[in-house]
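Chain residues, written in single-letter form:
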Amino acid sequence: MCKIFSVKNASYKDLLKDLLPKEVVERLPRSFDIIGDIAVIRLSDDLLIYSEYISKALMSVHKNIRSVFAKKSVSGLYRVSELIHIGGEYKTETVYKENDIKFVVDIKRMFINTRMSTERNRIANMINDGEKILDLFAGYGAFSLNIAKNRDVYVVASDINDVAIEYMRRSIYMNKLKGSIDCLISEASHLAKSLKENFFDVVIMDNPTMIYSFIDLVPRLLREDGRAYIYVLDEDTKRIYEKASELNMEIKYCVTVREYSPSKNIFRCELYKK
């Protein structure tokens, strides 16, 4: 049984320097995610043998953490993470706060990315009162609630993950929203065919790894001069500009949101319907 004592202003890696081999500590990630009272850290298989030390160090530095999971990969249609419980209480449901909004989530049953909180707030500030919004890969409602929190808008929030939609509904009841949100369980292509054409002022597509499979839906959904905020995973923006031209859409800009790998970035592109 290892005992780890916290030291003021020390990182979790600092606490492990005298307990684990130097080369192991150097390989541990500097950053990790804190979702409510749960910590999620990415560890390779060979580092899992040090799980007890790592989890206790994390909980020593961050007193609010009650549970620690190792993240191995994100896969499947729902983009859920493969997680291994490595310390603390076993719990996967938690409540976390983002931009003064409370979200209830289950880390094992839906895709969660708290590192996009600033980005979601930025998009919310680009929305105008009275606009009609379609959040096509809404998940647990991170974009939708950020927008409806401070804007008098109508949002249709859709996702194929029924569990994520149910948690979104719970989060809606936990917050005082200025706008309204309709939550729908649907596959994106099927929903797009059932919605009224040229209806939405704004379409949001936060599904970077699959965006090229769904971007063709945008022109049908947007009103004239409507705009779309889409997230693209690629080496550069050449392909998305070519695709926009095929769809007779104009790209106002593409900016890098964050680095995904040494060769790829996630870009946010703002498209207008001509």
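Not measured: the values here are computed from a predicted model.

Rules behind the numbers
- Residues numbered from 1 in each chain as written.
- Predicted model: local features only at pLDDT ≥ 70, side-chain atom pairs only at ≥ 80, totals over all residues.
- Heavy atoms only, no water.
- Buried < 20%, exposed > 50% of the residue type's maximum accessible area, 1.4 Å probe, protein only.
- Helix = DSSP H or I, 4+ residues; strand = E, 2+ residues; numbered from the N terminus.
- Phe/Tyr/Trp six-rings, centres within 6.5 Å; stacked < 30°, edge-to-face > 60°.
- Pairing = 2+ DSSP bridges.
- Axes fitted to C-alpha atoms, helices over the stretch in contact; angles between N-to-C directions.
- Contact = heavy atoms within 4.5 Å.
- Disulfide = S-S within 2.5 Å.
- Salt bridge = Lys/Arg side-chain N within 4 Å of Asp/Glu carboxyl O.
- Parallel < 35°, antiparallel > 145°, perpendicular 65-115°, else oblique.
- Left-handed = near helix turned anticlockwise from the far one by under 90°.

Caption draft 1: Focus on helix α5 (residues 142-150). Counting buried positions over the 9 residues of α5 gives 7, a clear majority of the element. Buried residues of α5: Ala142, Phe143, Ser144, Leu145, Asn146, Ile147 and Ala148, and no others.

Caption draft 2: Structural view of the packing of aromatic side chains. On inspection of all chains with the given rule, the structure shows 8 aromatic pairs. Arranged with centres 5.6 Å apart and planes meeting at 90 degrees, the rings of tyrosine 12 and phenylalanine 32 form a pair that is edge-to-face. With tyrosine 12 in helix α1 (residues 12-16) and phenylalanine 32 in the loop between α2 (22-27) and β1 (33-35), the pair connects residues that are 20 residues apart, well separated along the chain. Among the residues examined, tyrosine 12 registers a relative accessible area of 3% and is labelled buried. The exposure class assigned to phenylalanine 32 is buried, which follows from its relative accessible area of 17%.

Caption draft 3: Molecular detail of the sheet that holds strand β11 (residues 222-234). With mixed pairing, the 7 strands of this open sheet are ordered in space as β9-β8-β7-β10-β11-β13-β12. Only two strands of the sheet have a single partner each, and these edge strands are β9 (180-185) and β12 (249-259). Each adjacent strand pair in this sheet contributes to an overall mean axis angle of 15 degrees, direction not counted. Note: strand β7 (residues 132-135) against strand β10 (residues 200-205), 3 bridges, orientation parallel. When the bridges of β10 are listed, leucine 134 appears paired with valine 203. Along the sheet face, helix α6 (residues 162-174) touches β8 (154-159) and β9 and points at about 160 degrees away from the line of β9. Together, β11, β12 and β13 (265-273) form the strand contacts of helix α9 (residues 238-246), whose direction differs from that of β12 by roughly 155 degrees.

Caption draft 4: Spotlight on unusual backbone geometry. The phi dihedral of asparagine 99 is positive, around 50 degrees, even though this residue is not glycine. Within the secondary structure, asparagine 99 sits in the loop between β5 (93-98) and β6 (101-106). Here the phi dihedral of asparagine 198 falls at roughly 55 degrees; this positive angle occurs in a residue that is not glycine. Along the chain, asparagine 198 turns up in the loop between α7 (188-194) and β10. Note on asparagine 198: relative accessible area 41%, which makes it partly exposed.

Caption draft 5: Just the state of the cysteines, in detail. Taken as a whole, this structure holds 1 disulfide when the rule is applied. Between the sulfur atoms of cysteine 254 and its disulfide partner cysteine 269 the distance amounts to 2.1 Å. Between cysteine 254 and cysteine 269, the S-S torsion sits near 115 degrees, and that sign places the bridge as right-handed. Linking cysteine 254 in strand β12 with cysteine 269 in strand β13, this pair joins segments that are 15 residues apart in sequence. Each member of the pair, cysteine 254 as well as cysteine 269, carries the same accessibility label: buried.

Caption draft 6: Representation of the pattern of salt bridges within the structure. Counting across every chain of the model gives 20 salt bridges. The closest approach of N and O atoms between arginine 27 and aspartate 46, which form a salt bridge, is 2.7 Å. Pair noted here: arginine 27 is in helix α2 and aspartate 46 is in the loop between β2 (38-42) and α3 (51-61), with a separation of 19 residues, a long-range link. The partly exposed category is assigned to arginine 27, whose relative accessible area is 46%. A salt bridge links aspartate 216 to lysine 243, with the shortest nitrogen-to-oxygen separation between them at 3.1 Å. One end of the pair, aspartate 216, is in the loop between β10 and α8 (218-221); the other, lysine 243, is in helix α9, with 27 residues separating them in the sequence.

Caption draft 7: Representation of the pairing of β10 within the structure. With respect to burial, β10 is a largely interior element, 6 of its 6 residues being buried. Bridge analysis of β10 against β11 gives 5 bridges, and the strand direction is parallel. Across the sheet, valine 202 pairs through a bridge with arginine 227, a residue of β11.

Caption draft 8: Focus on the pairing of β11. Of all 13 residues in β11, 10 are buried, a share of seventy percent or more. Pairing of β11 with β13, which is carried by 8 bridges, proceeds in the antiparallel orientation. Pairing of alanine 228 across the sheet is with leucine 271, part of β13.

Caption draft 9: Local environment of the environment of isoleucine 240. By the secondary structure assignment, isoleucine 240 is in helix α9. In sequence terms isoleucine 240 and cysteine 269 are 29 residues apart; their C-alpha atoms lie 8.6 Å from each other.

Caption draft 10: Representation of the packing of helix α4 (residues 117-124) against α5. Remark: α4 packs on α5, axes separated minimally by 9 Å, with the N-to-C direction vectors making an angle of 45 degrees. Judged by the angle between their axes, α4 and α5 are oblique. Viewed along their axes, α4 and α5 form a crossing whose handedness is right-handed. Two secondary-structure elements touch here, α4 through Arg120, Asn121, Ile123 and Ala124 and α5 through Ala142, Phe143, Asn146 and Ile147.

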